[in-house]
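Understanding the architecture of this molecule
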Amino acid sequence: MKPEKLREILSNNIKIERKKLGLTQEKLAEMAELSAQTVNDIEGCRMWVSDKTITKIAKILHVEVYQLLIPITPSEPPAIEATEQTQQLIELEDRIIRNIRQQFKGLLNPDN
């Protein structure tokens, strides 16, 4: 495999995993103790990473280093964006709270 292709795979995978967690490039950079420009350059295929840097990034993204170097196949289902997951959790929480309130309302006001 050509180095350019490996850099492209790494770049794409970091971007995908970062977005799954709802992290900006700046937040990932801060957590990895890198500059935002470095993360931007890595994701833009303009910079390769050291073993130390890729290990830090993988840890923050909750993946193994090797997973950042394997192409993601199109057959994999698209990941739900963090914002979409958050919205689904909020809606679920609202339904649960309404249900609990209705149950307590019946207990506190048996005539209603």
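Above this text you will find the structure in question.
Here the residue numbering is sequential within each chain, running from 1 through the sequence in written order. Since the coordinates come from a predicted model, pLDDT governs what is reported: local features require at least 70, and pairs of side-chain atoms require 80 or more to be given and counted, while whole-chain, interface and lining totals use all residues. Excluding hydrogens and water, the side-chain figures rest on all heavy atoms present in the structure.

**Some words on the side chain of Glu-43**
Selection rule: In this description a helix means any DSSP run of H or I spanning at least four residues, a strand means any run of E spanning at least two, and both kinds are numbered starting from the N terminus. For each residue, the accessible area found with a 1.4 Å probe, counting protein chains only, is set against the maximum for its type, and the residue is called buried under 20%, exposed over 50%, and partly exposed in between. Under the rule applied, a polar contact is a pair of N or O atoms within 3.5 Å (in protein, one hydrogen donor and one hydrogen acceptor; residues adjacent in sequence only if both atoms are side-chain atoms). We call two residues in contact when some of their heavy atoms are within 4.5 Å.
If you trace the backbone, Glu-43 turns up in helix α3 (residues 36-43). In this structure Glu-43 comes out as buried when scored by relative accessible area, which is 5%. In this structure the side chain of Glu-43 is engaged in a polar contact, spanning 2.6 Å, whose partner is the side chain of Arg-18. When sequence neighbours within four positions are dropped, the list of residues in contact with Glu-43 reads Ser-11, Ile-14, Lys-15, Arg-18 and Gln-25.

**Here's the deal with unusual backbone geometry**
You will see that Glu-33, though not glycine, has its phi angle at about 60 degrees, which is positive. Relative to the assigned elements, Glu-33 resides in the loop between α2 (25-32) and α3. With a phi angle near 65 degrees, Cys-45 is a residue other than glycine that sits in the positive phi range.

**Let's talk about the packing of helix α1 (residues 3-20) against helix α4 (residues 51-61)**
Our working definition: Interaxial angle, 0 to 180 degrees, is taken between N-to-C directions of lines fitted to C-alpha atoms, where a helix line uses only the stretch in contact. For classification purposes, an angle smaller than 35 degrees is called roughly parallel, one larger than 145 roughly antiparallel, one from 65 to 115 roughly perpendicular, and anything else oblique. For any helix crossing, the convention is left-handed if the near helix is rotated counterclockwise from the far helix by under a right angle, and right-handed if that rotation is clockwise. Only Asp, Glu, Lys and Arg are considered charged in this grouping, and only Ala, Val, Leu, Ile, Met, Phe, Trp, Tyr, Cys and Pro are considered nonpolar; every other residue, Gly among them, is considered polar.
Two elements in contact, α1 and α4, have axes separated by 10 Å at closest approach and are oriented at 30 degrees. Taken together, the axis directions place α1 and α4 in an arrangement best described as roughly parallel. The handedness of the crossing between α1 and α4 is left-handed. Of the residues in α4, those in contact with Leu-10, Ile-14, Glu-17 and Arg-18 of α1 are Ile-54, Ile-57 and Leu-61. Along the lines of polarity and charge, the residues of the contact of α1 with α4 split into 5 nonpolar, no polar and 2 charged.

**Description of the pattern of salt bridges**
We apply this condition: Every case where a carboxyl oxygen of Asp or Glu lies within 4 Å of a side-chain nitrogen of Lys or Arg is listed as a salt bridge.
One pass over the full model with this rule turns up 6 salt bridges. Here Lys-5 ties to Glu-8 by a salt bridge, and the two come within 3.6 Å at their closest N and O atoms. Placement of both Lys-5 and Glu-8 in helix α1 is noted, with a separation of 3 residues, approximately one turn of the helix. Judged by relative accessible area, which is 42%, Glu-8 ranks as partly exposed. Notably, a salt bridge pairs Glu-17 with Lys-20, separated by 3.2 Å at the nearest N-O pair. Note that Glu-17 and Lys-20 are positioned in helix α1 at a spacing of 3 residues, about one turn of the helix. Since its relative accessible area comes to 32%, Lys-20 is described here as partly exposed.

**Some points on α3**
Buried within α3 are the following residues: Thr-38, Val-39, Asp-41, Ile-42 and Glu-43. Those residues of α3 that are buried lie in contact with α1, α2 and α4. One or two positions beyond α3, positive phi appears at Cys-45, with a value near 65 degrees.

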